[in-house]
Amino acid sequence: KGSRPFYAVTDDGRRLFIKALGSDQRDADLLYRAYRFARLRDVGDTRPAASLIQAVEHQALVGTMAQHAGVRVPRVDRVIKAADGTALLAMERVEGSPLDRLPAERISDEVLQRLWAEVNRLHSAGIAHRALRAGNVMVAGAGQPWLTDFSFSDLTATQRHKDLDLAELMASLAVLVGADRAVSGATAVIGARGVAAAAPLL
């Protein structure tokens, strides 16, 4: 939805994950935003960035701010504008698997609580992810979740934005581990009151 992924290795051996946004990907991103507007009730997406490079710079800024807040996110390496206008976001490569591709038996209660702790840190920093589903969570070999893809994120999150994050992640996790475990993991970290505020949005 809006970018092409690449892997790279630098001369000094660092492994990078690169998102490339060209004009075709820009069109796909705009279509996906239109789909979200039509499909989701009061999703509250902000207006898309005016250009490809601004869209990539926004993702880089949010990722950097999240990292400074102690959230486990891929470290931003650099933003590049290629000669043909393609915008590139180079980040640290996380060696792991997307959460939605892990077998259910590998998604332990500890992994779920670690994930909710990362979300709690993100929200405490005033950041809403705005696309917080299992496919945007990487799980490293030691069972540590990483939050990825800040395409829709907001640095001035309202409480509703945070509640939407919670509802979206709980729904996504329920498909993988069942509703009871999805809710109990959230309650253990966020608290019953915070989970209850997200319930109407489900």
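Preceding block: the structure.
Just so it is clear, the structure is predicted and the values come from calculations on it, not from any experiment. Starting afresh in each chain, residues are numbered from 1 along the sequence in its written order. Local features in a predicted model are, by the rule used here, given only for residues with pLDDT of at least 70; side-chain atom pairs are given and counted only at 80 or more, and totals for whole chains, interfaces and linings are based on all residues. Only heavy atoms go into the side-chain values, all of them from the structure, while hydrogens and water stay out.

**Student:** Help me out: how do you make sense of the sheet that holds strand E5 (residues 96-98) in this one?
**Tutor:** One key point about sheets: their strands pair by backbone hydrogen bonds, in either a parallel or an antiparallel sense. Strand order in this open sheet of 3 strands is E5-E6-E7, and the pairing throughout is antiparallel. A strand with exactly one partner marks an edge of an open sheet, and here the two such strands are E5 and strand E7 (145-147). Pairs of neighbouring strands in the sheet enclose a mean axial angle of 30 degrees, with direction left out of account. DSSP bridges decide pairing: two strands pair if at least two such bridges lie between them. Secondary structure counts use DSSP, requiring at least four H or I residues in a row for a helix and at least two E residues in a row for a strand, with both numbered from the N terminus. Where E5 and strand E6 (residues 137-140) come together, 3 bridges link them in antiparallel fashion. Its bridge partner being in E6, Ser 97 is matched across the sheet by Val 139. By the convention used here, residues are in contact when the closest approach between their heavy atoms is within 4.5 Å. Angles run from 0 to 180 degrees between N-to-C directions of axes, and those axes are lines fitted to C-alpha atoms, restricted for helices to the stretch in contact. Helix-sheet contacts for helix H3 (residues 109-124) involve E6 and E7, and the interaxial angle to E7 is about 30 degrees.

**Student:** Even after reading the chapter, I still don't get the nonpolar core, so can you show me in this structure?
**Tutor:** Side chains of nonpolar character tend, in soluble globular proteins, to be buried together. Here, nonpolar core means buried Ala, Val, Leu, Ile, Met, Phe, Trp, Tyr and Cys residues that are tied together by side-chain atoms lying within 4.5 Å of each other. Think of it in three bands: with a 1.4 Å probe and only protein chains considered, a residue is buried below 20% of the maximum accessible area for its type, exposed above 50%, and partly exposed in between. Among the nonpolar cores identified, the biggest contains 29 residues, and Leu 99, Leu 115, Trp 116, Leu 147 and Leu 173 are the most heavily contacted of them. Those elements giving two or more residues to this core turn out to be helix H2 (52-68), H3, E6, helix H4 (159-177), helix H5 (179-190) and helix H6 (192-198). It is H4 that provides the largest number of residues to this core, a total of 6 residues. Membership of the second largest hydrophobic core comes to 9 residues, among which are Leu 21, Leu 52, Ile 53 and Val 56.

**Student:** Help me understand H2, please; the structure alone is not making it clear to me.
**Tutor:** Note: α-helices contain 3.6 residues per turn, so residues at a spacing of three or four share the same orientation. Over its 17 residues, H2 extends 25 Å from the first C-alpha to the last, a length consistent with the 24 Å expected when each residue adds 1.5 Å. Just beyond H2, the residue with positive phi is Gly 70, at close to 90 degrees. Expected helix span is taken as 1.5 Å per residue step, with the number of steps being one fewer than the number of residues.

**Student:** What is the right way to look at the side chain of Asp 163 in this model?
**Tutor:** Examined against the element boundaries, Asp 163 turns out to sit in helix H4. No salt bridge forms around the buried Asp 163; measuring N to O, its nearest opposite-charge neighbour Arg 160 is 7.2 Å away. For Asp 163, the contacting residues outside a window of four places in its chain are Ala 197, Ala 198 and Leu 201. Note on charges: Lys and Arg go in the positive column, Asp and Glu in the negative column, and His and the chain ends are not counted at all. Here, a salt bridge means any side-chain nitrogen of Lys or Arg that lies within 4 Å of a carboxyl oxygen of Asp or Glu.

**Student:** Got a minute to help me understand the environment of Asp 163 in this structure?
**Tutor:** For Asp 163, a relative accessible area of 10% gives the class buried. C-alpha separation for the pair Asp 163 and Val 195, spaced 32 residues apart in sequence, amounts to 8.1 Å.

**Student:** Explain H4 to me, please; I cannot follow it from the model alone.
**Tutor:** Look at H4: 26 Å from first C-alpha to last across 19 residues, which is about the 27 Å you get at 1.5 Å a residue. On its buried side, H4 packs onto H3, H5 and H6.

**Student:** I keep staring at unusual backbone geometry and nothing clicks. Help me out?
**Tutor:** Excluding glycine, residues mostly have negative phi values, and the peptide bonds linking residues are mostly trans. In this model, Arg 130 sits at a positive phi of 75 degrees, which is unusual for a non-glycine residue. A positive phi angle, near 60 degrees, is found at Asp 149, a position not held by glycine. Within the secondary structure, Asp 149 is located in the loop between E7 and H4.

**Student:** Hey, could you run me through the packing of H3 against H5 in this one?
**Tutor:** What describes two packed helices is the angle between their axes and the distance between those same axes. The contact between H3 and H5 brings their axes to 9 Å, and the two run at 50 degrees. Viewed along their axes, H3 and H5 adopt a mutual orientation that is oblique. Crossing angle aside, the handedness with which H3 passes H5 is right-handed. Seen from H3, the contacting residues are Asp 109, Leu 112, Gln 113, Trp 116, Ala 117 and Asn 120; seen from H5, they are Arg 181, Ala 182, Gly 185, Ala 186, Ala 188, Val 189 and Ile 190. Roughly parallel means an angle under 35 degrees; roughly antiparallel, over 145; roughly perpendicular, 65 to 115; everything else is oblique. Helix crossings are classified by the rotation of the near helix relative to the far one: an anticlockwise turn of less than a right angle makes the crossing left-handed, while a clockwise turn makes it right-handed.

**Student:** Just to check I follow, could you spell out the pairing of strand E3 (residues 76-81) for this structure?
**Tutor:** Working note: regular strand, side chains alternate between the two faces of the sheet. Bridge count between E3 and strand E4 (residues 87-92): 5 bridges; the pairing is antiparallel. Residue pairing for E4: Ile 80 is matched across the bridge by Leu 88. Hairpin connection of E3 to E4: 5 residues between the antiparallel strands, including Gly 85 at a positive phi of 95 degrees.

**Student:** Mind showing me how you'd approach the pattern of salt bridges here?
**Tutor:** Side chains that carry opposite charge are capable of pairing whenever their charged atoms lie near each other. Following the criterion strictly, the structure yields 10 salt bridges and no others. For Asp 77, the salt bridge is made with Arg 78, and the minimal N-O distance between the two is 3.0 Å. Of the charged contacts, one joins Glu 110 and Arg 114 as a salt bridge, the two residues approaching to 2.8 Å between their closest N and O atoms. Taken together, the residues Glu 110 and Arg 114, both in helix H3 and 4 residues apart, mark about one turn of the helix. For Arg 114, a relative accessible area of 28% corresponds to the partly exposed category. Counted as one network, the salt bridges with shared partners bring together Asp 12, Arg 14, Arg 75, Asp 77 and Arg 78.

Such coordinate-based values are descriptive only and should not be taken to indicate function.
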